[in-house]
Amino acid sequence: MASMSRWYPITALVLAGIGFADATYLTVEHYTSFSLPCTITDGCEIVTNSVYSAILGIPVALLGALYYVGVLIAIAAVLEFGAKQYLRYIAMASAAGFAFSMWFVYVQLFILHAICQYCMVSALTSTLLFAASMKYLYDLRTSGSSPLPPEARSE
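In every chain, residue numbers begin from 1 and rise along the written sequence. Note on the predicted model: pLDDT of at least 70 is required for a residue's local features to be given, and 80 or more for side-chain atom pairs to be given and counted; whole-chain, interface and lining totals, by contrast, use all residues. Processing note: side-chain calculations cover all non-hydrogen atoms of the structure and skip hydrogens and water entirely.

> How would you explain the packing of helix H3 (residues 60-81) against helix H4 (residues 85-112) if you had to name every residue and give the values?
Following both chains from N to C, one finds H3 and H4 inclined at 160°, their axes separated by 10 Å at the closest point. Taken together, the axis directions place H3 and H4 in an arrangement best described as roughly antiparallel. In the packing of H3 onto H4, the handedness of the crossing is left-handed. Here H3 contributes Val60, Tyr67, Val71, Ala74, Ile75, Ala77 and Val78 to the contact with H4, which in turn contributes Tyr86, Leu87, Ile90, Ala93, Ser94, Gly97 and Phe104. For the contact of H3 with H4, the class distribution of residues is twelve nonpolar, two polar and no charged. Axis definition: a line fit to C-alpha positions, over the contact stretch in the case of helices; interaxial angles, taken between N-to-C directions, run 0 to 180 degrees. Helix and strand definitions follow DSSP, with helices as H or I runs of at least four residues and strands as E runs of at least two, each counted in order from the N terminus. The cut-offs work like this: below 35 degrees is roughly parallel, past 145 is roughly antiparallel, 65 to 115 is roughly perpendicular, and the gaps in between are oblique. By definition, any crossing whose near helix is turned counterclockwise from its far helix by less than a right angle is left-handed, and any crossing with a clockwise turn is right-handed. Throughout, a residue-residue contact means that at least one pair of heavy atoms, one from each residue, lies within 4.5 Å. As a working rule, the residues Ala, Val, Leu, Ile, Met, Phe, Trp, Tyr, Cys and Pro are called nonpolar, Asp, Glu, Lys and Arg charged, and the rest polar, with Gly in that last group.

See below:
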């Protein structure tokens with residue numbers, strides 16, 4: 001791990017931590033029916049109570065919290081045990097997180113015509129995580145290095 005740049009795991013750790021806190025807050029709101037104080041926008045309740053706020057009965061916020069906790073666990077494995085192969089998995093998962101976030105931003109803007117500030121924090125967090133992941137993968141490609149040990153490479 002000493003030779004690997006730590007910017008990506010640390011950046012991913014911070015972003016996933018913010019995303020997890022935000023998604024957990026929204027999950028608690030969902031299950032307790034606590035009214036969200038929307039201080040910047042005025043559409044939080046519209047968005048969080050819409051038919052788009054759950055997939056197969058599972059709150060989207062809970063799915064987001066699970067996504068972010070998965071990233072946090074993978075980053076912990078990288079930082080604690082040097083399991084660098086997880087960095088590539090995190091980068092790939094961030095693409096899915098980004099795609100879901102863009103869908104939900106679209107839903108807020110063009111279907112519901114309401115914006116939830118907490119949902120936008122999650123969208124921003126997943127977008128930044130995706131951007132950092134793509135930068136990490138680009139750096140790997142241009143440097144010719146791999147986060148995988150030699151025996152796990154298919155090259």
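Alright, that's what it looks like, and here's the rest.
> Any details on the state of the cysteines? Residues and values, ideally.
Throughout this description, disulfide means a covalent bond between two cysteine sulfur atoms. The disulfide definition used here is simple: a pair of cysteine sulfur atoms within 2.5 Å. Using the criterion set out here, one finds one disulfide in the structure. Two residues, Cys38 and Cys44, share a disulfide whose sulfurs are 1.8 Å apart. One disulfide, between Cys38 and Cys44, carries an S-S torsion of 65° and so falls in the right-handed class. Take Cys38: its relative accessible area is 24%, and that puts it in the partly exposed class. The cut-offs for exposure are 20% and 50% of the maximum accessible area for each residue type, with area from a 1.4 Å probe on protein chains only; residues under the lower value are buried, those over the upper are exposed, and the others partly exposed.

Read these as geometric descriptors, not functional statements.
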